[in-house]
Amino acid sequence: MDATTAPILLHGHQAQGLYDLVLDHLGKLLCEAPMGAHKPCGQCPACHMMAANNHPDLRLLMPQAVAIDLGFPLELKSSAKPSNDIRIDDVRELQNYFTMASSRGADRYVVIYPFDAMNTNTANALLKTLEEPPHGLRFILVGSRLDNLLPTIRSRCQALPVLQPSISECVDWLQTQGVASPDVALSVAMDDPFEARKLALHQPDQLELRRKLLEWLANPDQHAAVPAGLEKAGLAAVLELSMRLCHDCTHIAQGLKADYFAWLAPKLLWAKKVPIQQWSLLYTALQREFRLAHHPINPRLALEFVGQQWQTLNQ
Ligand SMILES: [Zn+2]
C-alpha cells in the first residue's frame, strides 16, 4: 500500500466540523464541471446527486443515531432503537460497493464518521479492505477520539491531526452565525462551537437552563435550594459544568483568571475566601459523581448532591 492510497485519518476536537469539511471537499472533487472551479458548480449531475445524498461513488459509514442527527432518512423497524455504533451489518452492506467499478469514472470514496463509533468487530471486518483498498477506492476516517481506535487500524492510515480553533476564533465564528452572547453559548457548550450554535439557535431553553445552573452555583446564598426545573439540563451537563465552574473558582481563589466562564467571574469573587483545599475536595467529589454520570441516577438527586457539595464550602 503506498501513501497515496492509504486511508486518511482526519482527527481533531470538533469531529462534526471535520465531517462537514470532508463532505465539502468531496463535493469539489466529485463535481464534473470543467476544471478551475473552487467550489462545486451546483449544476452538473454529480452536484445534483451530492445534494440528494445519492452520489453512486460516495458512501457514508456511520451509526444510525448519527445519520438521523444529520437528517438522513433512515428506515428503522418501529421497535428498534437507532444504533450508536457502526455495526458489522453496516459494513457488510458495503461489501459490494467496495469491489464495484466507479460509476462516474473517477475515484470512489467511503467516509467513516465518527471512526470511534466502530466497535472491535466492525473494525476487524474493515481491516483487510483498509490495508489493501481496491483500485480507486479511498477511505476517509473522521473523528476525535484517536485513543478509541484499534492500533491496527490506526497504523494503516495516514493520520492528519487538525488543531482546535482558539476560543476567540470560535466566538467570532458564532457571531457570524447570528448567536447572541457567543461567549456564554460557547462556555455552556463545553467550548464546542457547533454545539454552541445548536444550543443558541435550536435549543435556547437548554442554553438558558445551563446558564441558570451556573448562576445558581455562583451564588453561595442559594446552594441549599435547587431551582425548579434545573434537572432538565441533564446529568452529564450538570456535572461537567459544575466541575468546570469549580476549576474556575479554584483559579480565582489563587488569584488567577477564570478559564471557562470569564463572563461569570465578577460574581465569583467570594471564591477567594474559601480555602484552596476546600476547592480540591469539591472537585474530587464532583469527579467521583461524574464517573457515575452515565448510570441512571435521578438528575434531581444529583443536583441536590451538587448543591450540598457547594454548601460545604462555607462551613
Ligand atoms: Zn458540479
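Residues numbered from 1 in each chain as written. Predicted model: local features only at pLDDT ≥ 70, side-chain atom pairs only at ≥ 80, totals over all residues.

## A word on helix α9 (residues 193–202)
Our working definition: Exposure classes come from backbone-placed C-beta atoms, where a residue is buried if 20 or more other C-beta atoms lie within 10 Å of its own, exposed if 12 or fewer do, and partly exposed in between. The helix count covers DSSP runs of H or I at least four residues long, the strand count covers runs of E at least two residues long, and both are numbered beginning at the N terminus. What the arc covers is the set of directions going from the helix axis to the C-beta atoms. Contact between two residues is assigned whenever their backbone-derived C-beta positions fall within 7 Å.
Within α9 the residues assigned to the buried category are P193, A196, R197, L199 and A200. The arc that holds every buried residue of α9, seen down its axis, measures 165°, which confines them to one face. Where the residues of α9 are buried, they touch α7 (167–176), α8 (182–188) and α10 (204–217).

## Considerations on the pairing of strand β3 (residues 108–112)
What counts here: Following DSSP output, two strands are said to pair if at least two bridges run between them.
Of all 5 residues making up β3, 5 are buried, and the element is well covered by its neighbours. The alternating pattern of β3 places R108, V110 and I112 on one face and Y109 and V111 on the opposite face, and all of these are buried. Pairing between strand β2 (residues 58–61) and β3: 4 bridges, direction parallel. When the bridges of β3 are listed, R59 appears paired with V110. Of the strand pairs in this sheet, β3 and strand β4 (residues 137–143) are connected by 5 bridges, and their pairing is parallel. Bridged to Y109 within β4 is R138.

## A word on α10
Note the following rule: The length a helix should cover is 1.5 Å for every residue beyond the first.
With 14 residues, α10 ought to run about 20 Å at 1.5 Å a step, and its terminal C-alpha atoms sit 20 Å apart, in line with that. Every buried residue of α10 is accounted for by L207, L209, R210, R211, L213, L214 and L217. Packed against the buried residues of α10 are α8, α9, α11 (235–253) and α13 (299–311).

## Overview of the nonpolar core
Operational definition: Nonpolar core, as used here: buried Ala, Val, Leu, Ile, Met, Phe, Trp, Tyr and Cys residues forming one set through C-beta atoms within 7 Å.
Counting residues in each nonpolar core, the largest one holds 38 residues, and the members touching the most others are A185, A196 and V238. Of all the elements in the fold, those that place two or more residues in this core are α7, α8, α9, α10, α11, α12 (276–291) and α13. Counting residues per element, this core draws most heavily on α11, which supplies 7 residues. With near-sequence residues (within four places) excluded, A185 lies in contact with L174, V179, A196, L199, A200 and L207. If you look at the next biggest cluster of nonpolar residues, it comprises 36 residues, including C31, Y113, A117 and F139.

## Structural notes on the confidence of the model for the chain
Heads up, the rule is: Predictor confidence is given residue by residue as pLDDT, running from a minimum of 0 to a maximum of 100.
Chain-level pLDDT for the chain is 89 on average; 96% of the residues reach the 70-or-more range. Within the chain, α8 carries the highest mean pLDDT (97), whereas α13 carries the lowest (87).

## Focus on the environment of A46
Structurally, A46 can be placed in helix α2 (residues 45–51). For the pair A46 and A33, spaced 13 residues apart in the sequence, the C-alpha separation amounts to 8.9 Å. If near-sequence neighbours (up to four positions away) are discounted, A46 is found in contact with L30, C31, E32, H55 and R104.

## Points about the packing of α10 against α11
Note the threshold: Between N-to-C directions, angles cover 0 to 180 degrees, with each direction set by a line fitted to C-alpha atoms, over the stretch in contact for helices. Between 65 and 115 degrees an angle is taken as roughly perpendicular, under 35 as roughly parallel, over 145 as roughly antiparallel, and anywhere else as oblique. Here a crossing is called left-handed whenever its near helix is offset anticlockwise from the far helix by less than a right angle, and right-handed whenever the offset is clockwise. Throughout, the ten residues Ala, Val, Leu, Ile, Met, Phe, Trp, Tyr, Cys and Pro are labelled nonpolar, Asp, Glu, Lys and Arg are labelled charged, and all others, Gly among them, are labelled polar.
Their axes nearest at 10 Å, the elements α10 and α11 cross at an angle of 45°. The angle between α10 and α11 falls in the class oblique. Of the two possible hands of crossing, α10 and α11 adopt the one that is right-handed. Here α10 contributes R210, L213, L214 and L217 to the contact with α11, which in turn contributes A237, V238, L241, S242 and L245. The residue makeup of the contact of α10 with α11, split by class, is 7 nonpolar, 1 polar and 1 charged.

## Brief notes about the sheet that holds strand β1 (residues 8–12)
Reading across from one edge, β2-β3-β4-β1-β5 is the order of the 5 strands in this open sheet, with parallel pairing throughout. Every other strand in the sheet has two partners, leaving β2 and β5 (158–162) as the edge strands with one partner each. Taking the axes of each pair of neighbouring strands and ignoring which way they run, one obtains an average angle of 20° across the sheet. The pairing of β1 with β5 spans 5 bridges and is classified as parallel.

## Points about unusual backbone geometry
A cis amide bond links Y113 with the next residue in sequence, P114, at an omega value of -15°. Turning to its location among the elements, P114 is positioned in the loop between β3 and α5 (120–131). One non-glycine residue, N53, adopts positive backbone phi at about 60°. Note on placement: N53 falls in the loop between α2 and β2. When the 13 C-beta atoms within 10 Å are taken as the criterion, N53 is described as partly exposed. At M190, a residue that is not glycine, the phi angle is positive and equals roughly 55°. By secondary structure assignment, the location of M190 is in the loop between α8 and α9.

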